[in-house]
Amino acid sequence: MNSPAKSVYLLAIETSCDETSAAVIENGTTIRSNVVSSQIETHRRFGGVVPEIASRQHVETITWILQEALDQAGLTMEDMSAVAVTQGPGLVGSLLVGVIAAKSLACSLELPLIGVHHIAGHIYANQLVHKLEYPLVSLVVSGGHTELIYMESEGSFRIIGQTRDDAAGEAYDKIARALKLPYPGGPHIDRLAQEADGEIKMPRAWLENSYDFSFSGLKSAVLNVLNQSRMRGEEPVAAHVAKGFQSSVVEVLVEKAGRAVKEYGAKQLLLAGGVAANRGLREALTKRCEELGVPLLMPPMDLCSDNAAMIGAAAFLKWNRGDITGLDFKAEPVLSLEKWGY
C-alpha cells in the first residue's frame, strides 16, 4: 500500500512596503498560518509611507513574525520544504530586509529559496480560496499598480493594460489627503461614497482603443472642484466628492476589465491587490460579470492587502517546476512580471 504523499510546506516572507508578514503554506493552497504586522499607525502621522522608517520597522519585527508564523502553524523550521520571499517590486530597503532574512534561513537550513514577484502573489492569493481556470484575465488594483493581465496558462503573464501615471490606490490616497481624511485614504473614500446622498460628476479617462489607465486628469479635476469651492468660501460635501471620484475610477476599471474578458475569451476574471477590498469596485465588477456570464474571483478582505500567504501561493508555481532561485539573487524594486513568469 502506497504511503500518502508528504506535504510541501513553504515558509513565505513579505516585506515589500509597510507590512511585515510571514506565512506557512501547505501544498500551495492551504494556509497553515499568515501573520501580518502593519505599520499604518506609524506612517499615518506622515500621510504616507516613509521608506526609511518602513525598513527599520521590518528589521525590528521580522524575527518574531517568523517565529509566530511557525508557532501558529504548529510546525518547526525542520518541517519546511523551502523558503519563499518577495523579490520585487517594492521599496528597496524594505525588500532587502525580507530577502536577507530568507537567504539566511535558506543557507543555514540548506533549504531551496524561491524569489517571488509581488504582483504574482496578489493574483495567486485567489488560488488560496478558488480554483483557477485558464485562460483568464486579472485586474490588479493597488497603491502602486493598476494593470490588466492576460494569463493564457498557469504562471503566464501578459500585461495588456496599465496605468500611464498614478495607480488607482495612489489617486485614492491623494484625494483623501485633499479631503483631509486620514491615511490610508481608500477605505474612507469608499465609505463616504457608499453613504453619499449626492454626487459631483467627474470626468472619465477612457484612452480610446487602449486597455491602459490614467488617473492624473481625474485627480486634477477633483482638486480643481475643491479649490474653486474653497475660493468661494464654501466647503464641498466630502461624500459628494468621494462618490464622484469613486464612480469615475470604478466605471473605467469595470468597463475595461469587461471588454478584456470578452476580447480574450477569458473563463474567469480575477480581482487582486489592495484596492480589491473596495466595496464599490467589488459590487460593480460582480454586476458586470453576471451580465457577461463569467465568474468573478475575489480574495477575502484579509488577503487583499500585502501578506505572505499570497507569496507562498505564487512560490508554489516555481516549486512545482523545480525553478529554484540562487542565493545570489538581488532585491529588485522594479521587477518584470512577464519575465518572472513563463
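Thresholds, definitions, all that
Residues numbered from 1 in each chain as written. Predicted model: local features only at pLDDT ≥ 70, side-chain atom pairs only at ≥ 80, totals over all residues. Heavy atoms only, no water. UniProt positions renumbered as here; feature names shortened; annotations may be inferred. Helix = DSSP H or I, 4+ residues; strand = E, 2+ residues; numbered from the N terminus. Domains from an automatic or database assignment. Contact = heavy atoms within 4.5 Å. Buried area = accessible area lost by both parts, 1.4 Å probe. Phe/Tyr/Trp six-rings, centres within 6.5 Å; stacked < 30°, edge-to-face > 60°. Buried < 20%, exposed > 50% of the residue type's maximum accessible area, 1.4 Å probe, protein only. Pairing = 2+ DSSP bridges. Axes fitted to C-alpha atoms, helices over the stretch in contact; angles between N-to-C directions.

Details of the UniProt feature "domain: Gcp-like" (unreviewed entry) in the protein chain
In the numbering used here, UniProt assigns the feature "domain: Gcp-like" (unreviewed entry) to residues 31–312. End C-alpha to end C-alpha, residues 31–312 measures 9 Å, and it is 48% helix and 16% strand.

Describing the domain arrangement of the protein chain
Segmenting the protein chain into domains produces domain 1 (9–125 + 303–341) and domain 2 (133–298). Using only C-alpha atoms to locate each centre, domain 1 and domain 2 end up separated by 27 Å. The partner domain 2 presents 23 residues to the 21 residues of domain 1 that form the contact. Summing both sides of the interface, domain 1 and domain 2 together bury roughly 1700 Å²; the carbon and sulfur share of this comes to 67%. When the buried surface of domain 1 facing domain 2 is broken down by residue, Ile123, Cys304 and Glu338 rank first, second and third, together holding 31% of it.

Here we look at the packing of aromatic side chains
Following the criterion strictly, the structure yields six aromatic pairs and no others. Relative to Phe157, the ring of Tyr124 has its centre 6.4 Å away and its plane inclined at 85°; by these criteria the two rings are edge-to-face. Highlighted residues: Tyr124 in helix α4 (residues 118–124) and Phe157 in the loop between β7 (146–151) and β8 (158–162), separated in sequence by 33 residues. Their ring planes at 50° and their centres at 6.4 Å tell us that Tyr211 and Tyr264 sit as a pair that is tilted.

A short note on the UniProt feature "binding site: Fe cation" (unreviewed entry) in the protein chain
Mapped onto the present numbering, the UniProt feature "binding site: Fe cation" (unreviewed entry) falls at His118, His122 and Asp306. Spatially, the listed residues are clustered: although they cover 189 residues, their C-alpha atoms lie within 8.7 Å of one another. Relative to the helices and strands, His118 is located in helix α4. Judged by relative accessible area, which is 6%, His118 ranks as buried. Residues within four places of His118 in sequence aside, it is in contact with Glu14, Ser16, Thr86, Gly88, Pro89, Asp306, Met310 and Ile311. Relative to the helices and strands, Asp306 is located in the loop between β10 (296–297) and α10 (308–320). For Asp306, the contacting residues outside a window of four places in its chain are Glu14, Ser16, Cys17, Glu19, Val36, His118 and His122.

Quick look at the sheet that holds strand β3 (residues 30–38)
Adjacent strands of a sheet pair through backbone hydrogen bonds, lying either parallel or antiparallel. Taken together, five strands build an open sheet; the order of strands is β3-β2-β1-β4-β5 and the sheet is mixed. With partners counted over all chains shown, the strands left at the sheet margins are β3 and β5 (113–117), one partner each. Sheet twist, expressed as the average angle between the axes of neighbouring strands with direction ignored, equals 20°. Inspection of the sheet shows strand β4 (residues 82–88) paired to β5 by five bridges, in the parallel sense. What sits directly across from Gly88, in β5, is His117. In the packing of helix α2 (residues 51–73) onto the sheet, contacts are made with β1 (9–14), β2 (19–26) and β3, and the angle to β2 comes to roughly 25°. Packed on one face of the sheet, helix α3 (residues 92–109) meets β1, β4 and β5 and runs near 155° to β4.

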